[in-house]
Each structure stands twice: as C-alpha cells, then as structure tokens.
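For reference, the chains in residue letters:
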Amino acid sequence: MKRLVQLLPLGALMPLPVKGVQAETPKDPIYVKTSNGWNAAYAHGNEYAEFRVIGNGAKLQDAYYILLQKRVGMMVSFVDKRELQNDTDLLSAHAQWETNYWHQRASRVESNIREDLTGTRKDVKVTEVKVYNDKGAQMSSYLIGLAAKDGVFVLSVSPAKKDVDPLVKELVSSFNLVPRTLDAEETKRLSSEAKAQR
C-alpha cells in the first residue's frame, strides 16, 4: 500500500500512488476473502498475528467484530503489556487482567484455563470466562490470547459452549505470531496466498 494523493483542478482528491513514500502499518485488522472464509492479520509494531475464520457463513461486522456463525460472535483486540503489569508471563497476566475487569462489573465471575483447546502450544492460552449479574443471568466467552513482544493479541469468542469448542480449536490452530512488519509487500503476499486458496 503506497500513500495515495493527487490534486485535481476542482479541488477534489483522487487516489493515485505516490512513488517512494512508505505506507504505515495498518492500525486495524485486515481480512482477505478465501474460498472457505477469511484470512486475517492484525499488526502491532513490527509483528502481527494471523488467523483464519473458516466457513462461508462468517460475516464481518467491522474490522474488530465478526459473526462466526448464527449466535456466535468474535471480537479481535490487542492488550498492551503496560496494562498487564506483568511482562514475565503475559498470557497469565492477560487472563487475570480480564478476570479483574469483570469482577468490577459483575456479581460473580468464574474463569477456567482450557488447555484441552490449546493442545501443547505454550504461546496461546484459552480462558473460559463466565460472568453473572445479580439476577443470575450469565454471559460467557472464550478468551484466546497469543503472546507477542509488546502484549497479547486476543480473540474473544462468545458464547462459550461445548458446541463452539471445535470452532475455538480451529481458531487456535491458525492463530500465529508473525515476526515481520505488515507492510505493503507483506499484505500483497497474504493476498496472493489467499487467491491461491480459492
């Protein structure tokens, strides 16, 4: 992606490439359509997280919210390690940070580390969180954290139910840290890979 600008006589702007100007890393997640869903990348600094959303029924609501299937949604985020106050074990610190957040807003909070959904991976942690209000109503979600240099990339899938577990396992298997800048060349490479999958 090159910066685009050319002034027209009427004062309007028309996008055209300006050679020699480097584009910035995208601040929002990007998605590339495949034959069976979406390939996604979310950059932070000089690295990015990649993941796949499998299934043609998945609908992007915006860059951060995806309807994975009927009544199952996902939010994409990044938590800076300065928020976590513990940079030795970012994944555990993130799970605790999320639990603390909900303790301030709910009557009761339960959290459970779901190692059965991550397998042997140590760079990813899935935490199942159940939040209750004072009337006993429950909200649940899976927090899928991926450790990065400056924090944690997070996929929050809700609701947390047994029939959603296979979907979470698919997300975990595709959720990887890429130690490269998500620049124009890298975005082009991701797009080419997605086209090859069609």
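Cut-offs and rules
Residues numbered from 1 in each chain as written. Predicted model: local features only at pLDDT ≥ 70, side-chain atom pairs only at ≥ 80, totals over all residues. Heavy atoms only, no water. Helix = DSSP H or I, 4+ residues; strand = E, 2+ residues; numbered from the N terminus. Buried < 20%, exposed > 50% of the residue type's maximum accessible area, 1.4 Å probe, protein only. Polar contact = N/O pair within 3.5 Å; in protein donor to acceptor, adjacent residues only side chain to side chain. Contact = heavy atoms within 4.5 Å. Pairing = 2+ DSSP bridges. Axes fitted to C-alpha atoms, helices over the stretch in contact; angles between N-to-C directions.

Moving on to the side chain of serine 140. Locating serine 140 in the fold gives a position in strand β9 (residues 138–147). When its relative accessible area of 7% is taken as the criterion, serine 140 is described as buried. Separated by 2.9 Å, the side chain of serine 140 and the backbone nitrogen of alanine 160 make a polar contact. Aside from chain neighbours lying at most four places away, what touches serine 140 is Val129, Lys130, Val157, Ser158, Pro159 and Ala160.

A word on the pairing of β9. A large share of β9 lies buried, amounting to seven of its 10 residues. Between the antiparallel neighbours strand β8 (residues 124–132) and β9 lie five residues, among them glycine 136 with a positive phi of about 90 degrees. With six bridges joining them, β9 and strand β10 (residues 151–158) adopt antiparallel strand pairing. Its bridge partner being in β10, alanine 147 is matched across the sheet by valine 152. Hairpin connection of β9 to β10: three residues between the antiparallel strands.

All right, on to the sheet that holds strand β1 (residues 30–34) then. Spatially, β1-β2-β3-β11 is the arrangement adopted by the four strands of the open sheet, whose pairing is antiparallel. The open sheet has two edge strands, β1 and β11 (176–178), and neither has a second partner. Here the average twist between neighbouring strands, direction ignored, is 25 degrees. Helix-sheet contacts for helix α4 (residues 165–174) involve β3 (47–54) and β11, and the interaxial angle to β3 is about 145 degrees. This element, helix α5 (residues 184–196), spans β1, β2 (37–44), β3 and β11 of the sheet and lies at about 20 degrees to β1.

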